[in-house]
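Summary of structural features
So the chains spell out like this:
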Amino acid sequence: MSGNPISRRRAMVAGLAGLAAIPFAAGLASANPGSARQDISPNAAKIYLDPGHGGSDSGAVGNGLQEKNLTLDIALRTRDLLTSAGHTVRMSRETDIFRELAWRASDANSWGAALFISIHINAGGGTGFESYRYTSVGQPTLDFHNRLHAGILSGMNSHTPVTNRGMKSANFAVLRLTNMPAVLTENLFIDRASDAALLANSSFLQATAQGHASRVESMLATM
Ligand SMILES: [Zn+2]
């Protein structure tokens, strides 16, 4: 049976989220991005890290750098910090491969992640750090966004002061399709020479990863 590709994709997303028996519209309604999984204790919590882009999709490029490599580097460093602290981490990719956006969200949903962090590098001529939540979220996502944004800024600033571009909201697929508190980070501008110089510095990437890992514990304690 061929069927409507959109319906098939929706069925797959709903099925992977454990909502196969629920019509898609109802599944979406119940998959409130702000609804925390109250039954998960901090010790058992699963953290999902999503390094942006990969494979044929390099993301932004500039100053000899490719976004896909930087996002993976920061995510692997963050994973190591979180696993060292006793958390369970799953990643949308651990190598230079391509993943669809919907696949990333479905994978996090079906795994039962407690928190989701998508890691990106900005481009377009600005400078500094900004982060995003979905356009309509609940208190757990607001809490997570506040904590993570502050933690990453603190981590970066411990190495070199960076511009705080603020906390924003956007209709990004990985934020819309995930059903746990989810935040997307934009870690400096690859096309700004001064930002790129930091992104080429492994100790700055480590400080950025420490920022990504630093507030997970306190967030889990509230869930
Ligand atoms: Zn990106």
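Since the model is a prediction, treat every value here as computed from it, not as a measurement.

Within the chain, the regular secondary structure consists of nine helices and eight strands. Per-residue burial for the chain yields a buried fraction of 49% across its 223 residues. In the chain, of all internal contacts separated by at least 6 residues, the share reaching a separation of at least 24 is 80%. Accessible area for the chain stands at about 9,500 Å²; split by element, carbon and sulfur atoms hold 51% of it.

At the metal site, the zinc ion is ligated by His 53 (NE2), Glu 67 (OE) and His 120 (ND1), and these contacts range over 2.1 to 2.2 Å. Mapped onto the sequence, the donors of the zinc ion take the spacing H-x13-E-x52-H. Within this pair, whereas Glu 67 is found in helix H3 (residues 67–84), its partner His 120 is found in strand S5 (residues 115–122), the two being separated by 53 residues in sequence. Given the relative accessible area of 3%, Glu 67 is considered buried.

So, about the pairing of strand S4 (residues 88–91). Residue alternation in S4 divides its side chains into a buried set, Val 89 and Met 91, and an unburied set, Thr 88 and Arg 90. As defined by bridge partners, strand S1 (residues 46–51) adjoins S4 across four bridges and the pair is classed as parallel. Looking at S4, one finds that Lys 46 is bridged to Thr 88.

Now for the nonpolar core. Counting residues in hydrophobic clusters, the biggest one holds 37 residues, and the most contacted among them are Ile 47, Leu 115, Leu 199 and Leu 220. Setting aside anything within four residues of it in sequence, one finds Leu 199 in contact with Leu 65, Leu 70, Ile 121, Asn 187, Leu 188, Phe 189, Ile 190, Phe 204 and Leu 205.

Summed over the entire model, instances satisfying the criterion amount to three aromatic pairs. Members of the aromatic cluster, connected to one another through ring pairs, are Tyr 48, Trp 111 and Phe 116. Its end group placed over the ring of Trp 103, Arg 99 keeps NZ or CZ at 3.8 Å from the ring centre.

Mean pLDDT over the chain: 85, with 80% of residues reaching 70 or higher. Note that residues 1–41 has pLDDT below 50 and, in this model, 47 contacts with residues that lie over four places away or in other chains.

The subject of this paragraph is the pattern of salt bridges. With the rule as written, the count across this model stands at eight salt bridges. Arg 104 is paired through a salt bridge with Asp 50; the nearest N and O atoms lie 2.8 Å apart. Here Arg 104 is found in helix H4 (residues 101–111), whereas its partner Asp 50 is found in strand S1, with 54 residues between them in sequence. Judged by relative accessible area, which is 1%, Asp 50 ranks as buried.

Leaving glycine out, the prevailing phi sign among residues is negative, and the prevailing peptide bond configuration is trans. In this model, His 53 sits at a positive phi of 65°, which is unusual for a non-glycine residue. For His 53, a relative accessible area of 19% gives the class buried. Of note, the phi angle at Leu 188 is positive, near 65°, even though the residue is not glycine. Inspection of the secondary structure puts Leu 188 in strand S8 (residues 182–189). The buried category is assigned to Leu 188, whose relative accessible area is 0%.

Attention shifts here to the packing of helix H5 (residues 139–159) against helix H8 (residues 202–214). Look at H5 against H8: their axes get within 7 Å of each other, and the N-to-C directions meet at 155°. Relative to H8, the element H5 is oriented roughly antiparallel. Classified by chirality, the crossing of H8 by H5 is right-handed. Of the residues in H8, those in contact with Leu 148, Gly 151, Ile 152, Gly 155, Met 156, Ser 158 and His 159 of H5 are Ser 203, Phe 204, Ala 207, Thr 208, Gly 211, His 212 and Ser 214. Looking at the contact of H5 with H8 residue by residue, the class counts come to five nonpolar, nine polar and no charged.

Another aspect to go through is the side chain of Ser 118. Note on placement: Ser 118 falls in strand S5. On the basis of relative accessible area, Ser 118 is assigned to the buried category, the value being 0%. Engagement of the side chain of Ser 118 in a polar contact is seen with the side chain of Asp 50, the distance being 2.8 Å. Here the side chain of Ser 118 touches His 120 through a polar contact of 3.2 Å, side chain to side chain. With residues near it in sequence (within four places) discarded, Ser 118 still touches Asp 50, Val 174, Val 183, Leu 184 and Thr 185.

Reading the values: rules and limits
Residues numbered from 1 in each chain as written. Predicted model: local features only at pLDDT ≥ 70, side-chain atom pairs only at ≥ 80, totals over all residues. Heavy atoms only, no water. Helix = DSSP H or I, 4+ residues; strand = E, 2+ residues; numbered from the N terminus. Buried < 20%, exposed > 50% of the residue type's maximum accessible area, 1.4 Å probe, protein only. Contact = heavy atoms within 4.5 Å. Areas by Shrake-Rupley, 256 points an atom, 1.4 Å probe, with all protein chains shown as cover. Donors = N, O, S within 2.8 Å, 3.2 Å for Na, K, Ca; no water. Pairing = 2+ DSSP bridges. Core = buried A, V, L, I, M, F, W, Y, C linked by side-chain atoms within 4.5 Å. Phe/Tyr/Trp six-rings, centres within 6.5 Å; stacked < 30°, edge-to-face > 60°. Lys NZ or Arg CZ within 6 Å of the ring centre and 35° of its normal. pLDDT = per-residue confidence, 0-100. Salt bridge = Lys/Arg side-chain N within 4 Å of Asp/Glu carboxyl O. Axes fitted to C-alpha atoms, helices over the stretch in contact; angles between N-to-C directions. Parallel < 35°, antiparallel > 145°, perpendicular 65-115°, else oblique. Left-handed = near helix turned anticlockwise from the far one by under 90°. Nonpolar A, V, L, I, M, F, W, Y, C, P; charged D, E, K, R; others polar. Polar contact = N/O pair within 3.5 Å; in protein donor to acceptor, adjacent residues only side chain to side chain.

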